[in-house]
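Chains, contacts and geometry: an overview
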Amino acid sequence: SASAQEKSVKATYDVNGNAEKEQYRSHVTLESVSDNGSVINAYGAVNLNLTGVRMNKTAGRGYALLVSGSSRVTVFQCDINLHTEYSCGIAAAGSGTFVRVDDGKTTISKEQSSGFYCTDSAMISIDKYDISSFAKMSPVLSTDKMGSIEAVGMKGGTKGNAAPLFSSKGSIHVSESRMEAASAPIAHIRENGAITLDNCELTQGASCGFYVSDGTAAGGSLTMNGCKLKLQDGPLLLVDEGTLTAALTDNTISFTKDGLMSIRGGVADITASRQKLKGDIVTDSVCAVSLNLGKGASYDGAINVGNNMDATVTVNLEKGSVWFVSDNSHISAISFQQGVENGVKQIKGKANVYYDAKNPANSYLEGRQYELGGQGMLIPE
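First things first, this report covers the structure right here in the doc. (Residues numbered from 1 in each chain as written. Predicted model: local features only at pLDDT ≥ 70, side-chain atom pairs only at ≥ 80, totals over all residues. Heavy atoms only, no water.)

1. A few points about the sheet that holds strand β25 (residues 237-240)
- Strand order in the open sheet formed by 12 strands is β1-β4-β7-β10-β12-β14-β16-β19-β22-β25-β28-β31, with parallel pairing between adjacent strands. For this open sheet the edge positions go to β1 (10-16) and β31 (281-282), each flanked by a neighbour on one side alone.
- Bridging between strand β16 (residues 166-168) and strand β19 (residues 187-190) involves 3 bridges; their strand directions are parallel. Looking at β19, one finds that Ser-168 is bridged to Ile-189. (Pairing = 2+ DSSP bridges. Helix = DSSP H or I, 4+ residues; strand = E, 2+ residues; numbered from the N terminus.)

2. Digging into the sheet that holds strand β33 (residues 298-301)
- Across the sheet, which stays open at both edges, the 4 strands sit in the order β30-β33-β35-β38 with parallel pairing between neighbours. Only two strands of the sheet have a single neighbouring strand rather than two, namely β30 (276-278) and β38 (347-348).
- Here 2 bridges tie strand β35 (residues 322-325) to β38, and the two strands are oriented parallel to one another. Pairing of Trp-323 across the sheet is with Ile-347, part of β38.

3. Focus: the side chain of Ser-167
- Note on placement: Ser-167 falls in strand β16.
- Other than its neighbours up to four places away in sequence, Ser-167 contacts Pro-139, Leu-141, Ser-142, Thr-143, Ile-172 and His-188. (Contact = heavy atoms within 4.5 Å.)

4. What about unusual backbone geometry?
- The amide bond that connects Gly-234 to the next residue, Pro-235, takes the cis arrangement and shows omega of 5 degrees.
- Along the chain, the position of Pro-235 falls in the loop between β24 (228-231) and β25.
- Within the chain, Ser-121 stands out as a residue other than glycine whose phi angle is a positive 70 degrees.
- Within the fold, Ser-121 resides in the loop between β12 (114-119) and β13 (123-133).
- Taking relative accessible area as the criterion, Ser-121 reaches 36% and is therefore assigned partly exposed. (Buried < 20%, exposed > 50% of the residue type's maximum accessible area, 1.4 Å probe, protein only.)

So this is what it looks like as structure tokens:
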């Protein structure tokens with residue numbers, strides 16, 4: 001974690017705003033080898049501009065650049081090299097702390113490190129940046145509670161096991177970026193973490209698309225608009241004792257292994273608009289799932305094939321959406337924006353959908369059996 005206790009950090013270049021508010025450094029190479037040390041430590045509400053600086057963290061835990069105490073730092077065309085475990089390229093902490101990063105490069109070679117880290121109401125803004133991580137458990141971007149990262153035009157990715165591109169307990173927003181997680185999920189959403197992806201091209205090579213864990217009542221969120229995803233391993237969403245709200249619009253998602261979601265003891269609310277979804281939703285007996293298909297959305301898959309009776313599964317179909325049922329599915333409740341007679345025609349395929357006739361939410365179905373839009377039936381269970 002980034003430390004807001006500036007004096008406890010040993011820095012090669014110590015920048016104290018209490019001594020001088022405006023400071024500048026350019027075209028120099030700086031290195032830190034001390035434990036709990038940083039190459040540059042900026043604090044005391046300083047305004048610091050860095051241009052063409054090479055920051056090397058080669059030994060000892062710590063940071064290339066640590067910014068705190070309501071300081072504002074601009075990092076332009078700088079290179080950062082992390083060659084030690086438990087290190088961070090640029091870390092920002094504390095309310096009023098802001099870091100602007102333009103046109104640079106970061107290389108991570110050791111495990112349990114991070115390219116960018118933000119916490120405690122600080123913010124990092126990144127534009128046109130190249131970052132590569134080659135070690136396990138070393139994400140490109142990570143946020144802790146109330147930390148915020150905005151990134152545009154990033155490229156690169158991660159090579160190590162369990163090294164997602166993005167790990168969030170705070171907020172991460174990435175747009176117009178092209179990246180690959182070769183041996184890990186695209187993102188890890190923890191607790192109340194939020195991840196928003198706009199117009200990105202992202203490739204994943206192992207585990208799942210998005211991993212959700214450490215759930216809280218408020219839960220995490222995933223918003224994805226206009227992205228192209230290529231997944232070598234499924235499912236798209238793996239919810240493990242987590243809580244997730246997902247909104248998916250206009251994305252192109254390709255699978256090598258099909259699977260929309262696997263959920264174990266968590267809560268998930270998925271809304272899709274102008275979106276094609278494919279793959280089964282696999283539940284356990286202590287989860288809750290809501291699938292909301294909006295206008296222009298289609299879902300090709302089966303839900304709760306194993307018929308976990310204690311799983312709560314709700315499906316909502318708005319006008320202009322379609323569910324292609326690939327196998328017999330078991331749900332707790334279903335609703336149709338167009339009413340029953342027209343709504344059941346939106347469910348197609350040869351398989352049946354079984355609903356809980358005792359659930360008050362299904363009272364309008366009157367415990368009856370209905371023909372679906374294919375050869376299947378909607379059947380009370």
